[in-house]
Amino acid sequence: TILIENRVPSGDSIVNPDGDVIVTGAVSSGAEIVAAGSIHIYGALRGRAIAGSEGDRNARIFCRQFEAELIAIDGFYRTSEMIEPGLVGRPVQARLEGQSIIMNVYS
């Protein structure tokens, strides 16, 4: 697991080819988080989050404030245009079910 204890600024890319990534701050627009496992963001997700990059279908994406440009799990993706408006700004969990990304609000 890689732990990032601050904000990830635009243009930065954090990659963990072996496990999870935890970010305690926000992920800025234009920033990217890539993990073989799951991604946990305790701030706003405004950039891109790519979980399960090495084929982990059980990987998940968690964030406290969802405003992502793109999310992907095991090669399946959703862009901001494909996201339900009711999820924006809310705490969201994304997981893969079959060939679809399922997104739910959590508390």
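Here we summarise the structure given alongside this text. Keep in mind the model is a prediction, meaning the values are calculated, not measured.

Criteria and cut-off values
- Residues numbered from 1 in each chain as written.
- Predicted model: local features only at pLDDT ≥ 70, side-chain atom pairs only at ≥ 80, totals over all residues.
- Heavy atoms only, no water.
- Helix = DSSP H or I, 4+ residues; strand = E, 2+ residues; numbered from the N terminus.
- Rg over C-alpha atoms; globule rule 2.2 N^0.38 Å.
- Buried < 20%, exposed > 50% of the residue type's maximum accessible area, 1.4 Å probe, protein only.
- Areas by Shrake-Rupley, 256 points an atom, 1.4 Å probe, with all protein chains shown as cover.
- Lys, Arg positive; Asp, Glu negative; His and termini not counted.
- Charge placed at Lys NZ, Arg CZ, Asp CG, Glu CD.
- Pairing = 2+ DSSP bridges.
- Axes fitted to C-alpha atoms, helices over the stretch in contact; angles between N-to-C directions.
- Phe/Tyr/Trp six-rings, centres within 6.5 Å; stacked < 30°, edge-to-face > 60°.
- Contact = heavy atoms within 4.5 Å.
- Salt bridge = Lys/Arg side-chain N within 4 Å of Asp/Glu carboxyl O.

**Structural notes on the overall build of the chain**
Item 1. Counting its regular elements, the chain contains 0 helices and 11 strands.
Item 2. Its helices and strands taken in sequence order, the chain reads β-β-β-β-β-β-β-β-β-β-β from the N to the C terminus.
Item 3. The C-alpha atoms of the chain give a radius of gyration of 12 Å, which matches the 13 Å a tight globule of 107 residues would have.
Item 4. Residue burial in the chain is summarised as follows: out of 107 residues, 45% are buried.
Item 5. As presented, the chain carries roughly 5,300 Å² of accessible surface, and 45% of it is formed by carbon and sulfur atoms.
Item 6. When the 9 basic and 13 acidic side-chain charges of the chain are each reduced to a single mean position, those positions are 8 Å apart.

**Quick notes on the sheet that holds strand 10 (residues 92–97)**
Item 1. Spatial strand order, 1-3-5-7-10-11: 6 strands in an open sheet with mixed pairing. Among the strands making up the open sheet, the edge pair consists of strand 1 (2–4) and strand 11 (100–105). The average angle at which neighbouring strand axes cross in this sheet is 20°, direction not considered.
Item 2. As judged from the 4 bridges shared by strand 7 (residues 60–66) and strand 10, these two strands associate in the antiparallel manner.

**A closer look at the packing of aromatic side chains**
Item 1. Considering all chains together, one arrives at 1 aromatic pair under this definition.
Item 2. An angle of 90° between the planes, with centres 6.3 Å apart, marks the rings of Phe62 and Tyr106 as edge-to-face. Of this pair, Phe62 sits in strand 7 while Tyr106 sits in the segment after strand 11, and the two are 44 residues apart along the sequence.
Item 3. On the basis of relative accessibility, which here comes to 21%, the residue Phe62 falls in the partly exposed class.
Item 4. Owing to a relative accessible area of 24%, Tyr106 belongs among the partly exposed residues under this scheme.

**Thoughts on the environment of Ala51**
Item 1. Position of Ala51 among the secondary structure elements: in strand 6 (residues 48–51).
Item 2. For the pair formed by Ala51 and Asp20, sequence separation is 31 residues and the distance between their alpha carbons is 8.2 Å.
Item 3. Once residues within four sequence positions are removed from consideration, Ala51 is found in contact with Ala35, Gly37, Ser38, Ile39, Ala59, Arg60, Ile61, Ala72, Ile73 and Asp74.

**Details of the sheet that holds strand 6**
In any sheet, the strands associate via hydrogen bonds between backbone groups, in a parallel or an antiparallel arrangement.
Item 1. The sheet built from 5 strands is open, its strands ordered 2-4-6-8-9 with mixed pairing. The open sheet has two edge strands, strand 2 (13–16) and strand 9 (76–79), and neither has a second partner. Across this sheet, the average inter-strand angle for adjacent strands is 5°, counted without regard to direction.
Item 2. Examined bridge by bridge, strand 2 and strand 4 (residues 32–35) share 4 bridges and lie parallel to one another. Each bridged residue has a counterpart across the sheet, and for Asn16 the counterpart in strand 4 is Ala35.

**Overview of the pattern of salt bridges**
Item 1. Applying the stated criterion across every chain yields a total of 5 salt bridges.
Item 2. Two residues, Glu97 and Arg95, come together in a salt bridge whose shortest N-O distance is 3.1 Å.
Item 3. Several salt bridges converge on common partners, so that one network encompasses Glu32, Arg48 and Glu69.

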